[in-house]
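Geometric and topological summary
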Amino acid sequence: MREQMEFKTESKRLLDLMIHSIYTNKEIFLRELISNASDAIDKYHLTSLTDDSLEKTNEYEIHLEVDKKHRKVKISDNGIGMTYDELINNLGTIAKSGTLEFLQKFKEKELKDTDLIGQFGVGFYSSFMVAKKVQVVTKSPYSEVAYKWISEGEESFTIEETTKESRGTEITLTLRKNEEGEDYDQFLEAYKIRSLVKKYSDYVKYPITMEEEKSVPVLDEEGNEVEGKYDTVTENTTINSQTPIWNKAKSDVTDEDLNEFYKSTYYDYDNPLFTLWNNIEGALTYKSLVFIPEKAPYNLYSEKYEKGLQLYAKDVFVMDKCKELVPDYLRFIKGVVVSQDLSLNISREILQKNHQLTKIAQNLEKKILSELEKTLKNDREKYAKFFKEFGVNLKYGVYDNFGEKKELLQDLLLFQTANKDDVITLKEYVEAMPKGQDAIYYGSASSKSAIKVSPQMDLIKSKGFDVLVFTDEIDEFMIQILHEYDKKPFKSINQGDLNILDEEEKKTIEDLENENKTLLEALQEILKDEVSDVKLSTRLTDSPVCLVSGEGLSFEMEKVMNQMPGDKKMKADKILEINPKHELFKAIENVYLDSKEDLADFATVLYNQALLIEGLPVKDPVAFSNKMVALMIRAAKKQNGETA
Ligand code: ADP
């Protein structure tokens, strides 16, 4: 007898949503049905362990069939099946809180479109996205008879007794006809089904099989192949690989296996630099297989690059780039996270808010950092290689979110320095500081050699202090956030007051400054549009002049900020420092006394020289050159006059 029953109200709404779904990723229906089949086999297997009335077996299978002619796709399993009551309760009502929440959100218009359906994994009903009719034939080992359930996705479904020999469930979808923009025919192609299984269900632990046509050579009476003659036979083949590498025992997996897995999954030619395989059990249970490539992907710093790890819930693929699992500064990592706990919830809640996922992400971050720390300690060469490729990301990590992660990351940084051949950590820098040095010095330049010859190094060099060499744009910004390390402040060699001189030396300079007050003021007046101050330098010993910036914005920061879009240009304070011990200073003093007009030319040349040394552009190169030429001619004339 066939009974007709109404769906529960919530189910009707969900069905309606599925049928009129504009969700583009309709293919997930197969994943949902296969994962139900796998759950049903799990359930049978577990029950059979404790219930003696059930046959004990290991022969499980999820079988797929396509019937192009009748537009049918069939998914069968030999799992637990459903009794009459189960059939009504499970397929006629939505029992799951997650789905109810989804509908609630939908009603409240919190979800703008149906694009989130995939994340909620609405299960069985998703078949109605592609099918106009769904038939379920099922037999539970606890029921004498089998039942047939049919629905066309409307208000009601029918249910009747039927015959089915073996336990399990067969779900037959009759696919809709193609519509504008919707291609349902594709799901009638064996290769498409196969590729969907590979994509979403490759690691389902039971074999997923499909009859496939194969071409085999025809044999003659003696059993030899007849050239050029083939027969087509159908064969039941398994299409999923079942055991993912992370589910194998670590002892069964070689480094080579892991490298091969990495290369084929993430399309890299090189082996990974780091491979981290964690099986975490306890309050938080997950597996992760994370790789750090040897080379940064070419698009790592482009906006199009998507960070993230593949996410599996209970060996069922959920998504390719779960970005919630990866902090920005580790955006270069690749890999997989598999959570058993997530299985029932992950696809049913919005990911960002998932508590479990957040915890996994935190745990994973800690593991990766501790591996990096370990490598820094035990394999410096490997770490340096890593840092060269990805270090700049860690620097961004320090800078990001107002230094939220600086404590975690500061000891993982490596720097070039003026005095050492190898890169060093901040800790090593501080440990090597000579007595009397109480700041960590740094200088920005295009290269280490540029720093080494820069005039600002004069005094520092003579004191035997080392200097961190900054060549990345982020460096100075990061240092603003770090502020100090081991209670030692960071100090730029080309900014503000260096504060290295002792009292006596300071006094000498102060006296000199007083003596030359009018000269300095005159220079300042000439250069008033260019610099905010002209001073006698406390940092120069050999070089005649240098340009430094005030305490705020540095030249490097000015350069970086002005590359950013926006009209408002930032300006660093420029201070021209003159070396009072240099012969040139004496010369200027004389010029000042002799001829006040010549002073203007001297000042301009001096300033432009300082710009050149600093690697900053000269505003008017032609005028600069003309002044130089004029000075040279004057000097030559003087010399001739004297010697003549
Ligand atoms: P979920 O699988 O997340 O619980 P579904 O809507 O996909 O949600 O399925 C509802 C219920 O129907 C399942 O919980 C299960 O009890 C039952 N069910 C679905 N498919 C099968 C199957 N192939 N074999 C046995 N029971 C099934």
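Residues numbered from 1 in each chain as written. Predicted model: local features only at pLDDT ≥ 70, side-chain atom pairs only at ≥ 80, totals over all residues. Heavy atoms only, no water.

Another aspect to go through is the overall build of the protein. Of regular secondary structure, the protein possesses 20 helices and 22 strands. Here the C-alpha radius of gyration of the protein, 37 Å, is well above what a compact globule of 644 residues would show, namely 26 Å. Along the first, second and third principal axes, the C-alpha atoms of the protein reach 125 × 60 × 55 Å. Within the protein, the fraction of its 644 residues that count as buried is 48%. Relative to all contacts within the protein whose residues are 6 or more apart in sequence, the contacts with residues 24 or more apart total 71%. Total accessible area computed for the protein in this model is approximately 33,900 Å², and 48% of it derives from carbon and sulfur atoms. Side chains of the protein carry 88 positive and 118 negative charges; the gap between the two charge centres is 2 Å. (Helix = DSSP H or I, 4+ residues; strand = E, 2+ residues; numbered from the N terminus. Rg over C-alpha atoms; globule rule 2.2 N^0.38 Å. Buried < 20%, exposed > 50% of the residue type's maximum accessible area, 1.4 Å probe, protein only. Contact = heavy atoms within 4.5 Å. Areas by Shrake-Rupley, 256 points an atom, 1.4 Å probe, with all protein chains shown as cover. Lys, Arg positive; Asp, Glu negative; His and termini not counted. Charge placed at Lys NZ, Arg CZ, Asp CG, Glu CD.)

We now examine the confidence of the model for the protein. Looking at the protein as a whole, its pLDDT mean stands at 88, while 93% of the residues score no less than 70. Taken as a whole, residues 344-349 scores under 50 in pLDDT and shows 22 contacts with residues more than four places along the chain or in a different chain. (pLDDT = per-residue confidence, 0-100.)

Before going further, it helps to examine the pairing of strand E12 (residues 309-313). Within E12, 5 of the 5 residues are buried, which leaves it mostly tucked inside the rest of the structure. Of the pairings in the sheet, the one linking E12 to strand E13 (residues 316-322) comprises 4 bridges and is antiparallel in character. Residue pairing for E13: alanine 313 is matched across the bridge by valine 316. (Pairing = 2+ DSSP bridges.)

Before going further, it helps to examine the packing of aromatic side chains. Two numbers describe a pair of aromatic rings. These are the distance of the centres and the angle of the planes. Following the criterion strictly, the structure yields 29 aromatic pairs and no others. Relative to tyrosine 147, the ring of tyrosine 84 lies with its centre 5.4 Å away and its plane at 55 degrees, an arrangement referred to as tilted. With a gap of 63 residues between them, tyrosine 84 in helix H3 (residues 84-92) and tyrosine 147 in strand E5 (residues 146-151) connect regions that are remote in the sequence. A residue is classified by how much of its surface remains accessible, and tyrosine 84, at 24% relative accessible area, is partly exposed. (Phe/Tyr/Trp six-rings, centres within 6.5 Å; stacked < 30°, edge-to-face > 60°.)

Sheet strands line up and pair through hydrogen bonds in the backbone, either parallel or antiparallel. The mixed open sheet is built from 9 strands, whose spatial order is E1-E6-E5-E4-E7-E3-E2-E8-E9. If you trace the sheet from one side to the other, it starts and ends with strand E1 (3-6) and strand E9 (225-238), each paired once. Averaged over neighbouring strand pairs, the angle between their axes works out to 25 degrees when direction is ignored. With 6 bridges joining them, strand E2 (residues 62-67) and strand E3 (residues 72-77) adopt antiparallel strand pairing. Its bridge partner being in E3, histidine 63 is matched across the sheet by serine 76. Here helix H6 (residues 190-201) sits on the sheet and contacts E2, strand E8 (208-219) and E9; the angle it forms with E8, its principal contact strand, is near 130 degrees. (Axes fitted to C-alpha atoms, helices over the stretch in contact; angles between N-to-C directions.)

So, about the packing of helix H2 (residues 28-50) against H6. One can describe the packing of H2 onto H6 by two numbers: an axis separation of 9 Å at closest approach and a directional angle of 65 degrees. In terms of orientation, H2 and H6 fall into the roughly perpendicular class. You can see that H2 and H6 cross each other, and the crossing is right-handed. Where H2 approaches H6, its residues Ile28, Leu30, Arg31 and Ile34 are matched on the opposing element by Ile193, Leu196, Val197, Tyr200 and Ser201. (Parallel < 35°, antiparallel > 145°, perpendicular 65-115°, else oblique. Left-handed = near helix turned anticlockwise from the far one by under 90°.)

Taken in spatial order, the 5 strands make up an open sheet running E10-E11-E14-E12-E13, and their pairing is mixed. Unpaired on one side and paired on the other, strand E10 (274-280) and E13 mark the two borders of the sheet. Direction aside, neighbouring strands of the sheet carry axes that sit 10 degrees apart on average. Here 7 bridges tie E10 to strand E11 (residues 286-292), and the two strands are oriented antiparallel to one another. Bridge pairing in E11 places phenylalanine 274 opposite isoleucine 292. Strand contacts of helix H7 (residues 255-266): E10, E11, E12 and strand E14 (334-339), with the helix running at about 80 degrees to E11, the strand carrying the most contacts.

Turning our eyes to something else, we now look at the pattern of salt bridges. Throughout the structure, instances matching the rule amount to 40 salt bridges. In this structure, arginine 176 engages glutamate 179 in a salt bridge whose closest nitrogen and oxygen atoms are separated by 3.9 Å. Among the residues examined, arginine 176 registers a relative accessible area of 12% and is labelled buried. Taking the shortest distance from any N to any O, the salt bridge between aspartate 601 and arginine 634 comes out at 3.1 Å. Taken together, the positions of aspartate 601 in helix H19 (residues 596-614) and arginine 634 in helix H20 (residues 621-643) put the pair 33 residues apart, joining distant regions of the chain. (Salt bridge = Lys/Arg side-chain N within 4 Å of Asp/Glu carboxyl O.)

The next thing to look at is the packing of helix H14 (residues 475-482) against helix H17 (residues 555-563). Packing of H14 against H17 brings their axes to within 9 Å, and their N-to-C directions diverge by 115 degrees. With respect to H17, the element H14 is oriented roughly perpendicular. Between H14, through Glu476, Phe477 and Gln480, and H17, the contact on the second element is made entirely by Glu556, Met557, Val560 and Met561. Split by residue class, the contact of H14 with H17 holds 4 nonpolar, 1 polar and 2 charged. (Nonpolar A, V, L, I, M, F, W, Y, C, P; charged D, E, K, R; others polar.)

Let us now look at the domain arrangement of the protein. Once the domains are mapped, the protein shows domain 1 (2-212), domain 2 (245-382), domain 3 (415-492) and domain 4 (503-639). Taken over C-alpha atoms, the centre of domain 2 sits 54 Å from the centre of domain 4. (Domains from an automatic or database assignment.)

This part covers the nonpolar core. In this structure, Leu325, Phe386 and Tyr441 are the most contacted members of the largest nonpolar core, which totals 107 residues. Apart from residues lying up to four places away in sequence, tyrosine 441 is in contact with Tyr429, Ile460, Phe465, Asp466, Val467, Leu468, Lys491, Ile493, Leu498 and Ile500. Core analysis: the second largest hydrophobic core is formed by 68 residues, Leu33, Leu188, Leu258 and Phe291 among them. (Core = buried A, V, L, I, M, F, W, Y, C linked by side-chain atoms within 4.5 Å.)

The subject of this paragraph is the environment of phenylalanine 555. Tracing the sequence through the fold places phenylalanine 555 in helix H17. In this structure, the C-alpha to C-alpha distance between phenylalanine 555 and aspartate 320, residues 235 residues apart in sequence, is 42 Å. Look past the residues within four positions of phenylalanine 555 in its chain and what remains in contact with it is Leu547, Val548, Ser549, Ala572, Asp573, Lys574, Glu614 and Leu616.

Negative phi values dominate among residues other than glycine, just as trans dominates among peptide bonds. Within the chain, histidine 483 stands out as a residue other than glycine whose phi angle is a positive 70 degrees. Counting through the fold element by element, histidine 483 comes out in the loop between H14 and strand E18 (484-485). For histidine 483, a relative accessible area of 56% puts it in the exposed group. For aspartate 486, which is not glycine, the phi torsion reads 50 degrees and is therefore positive.

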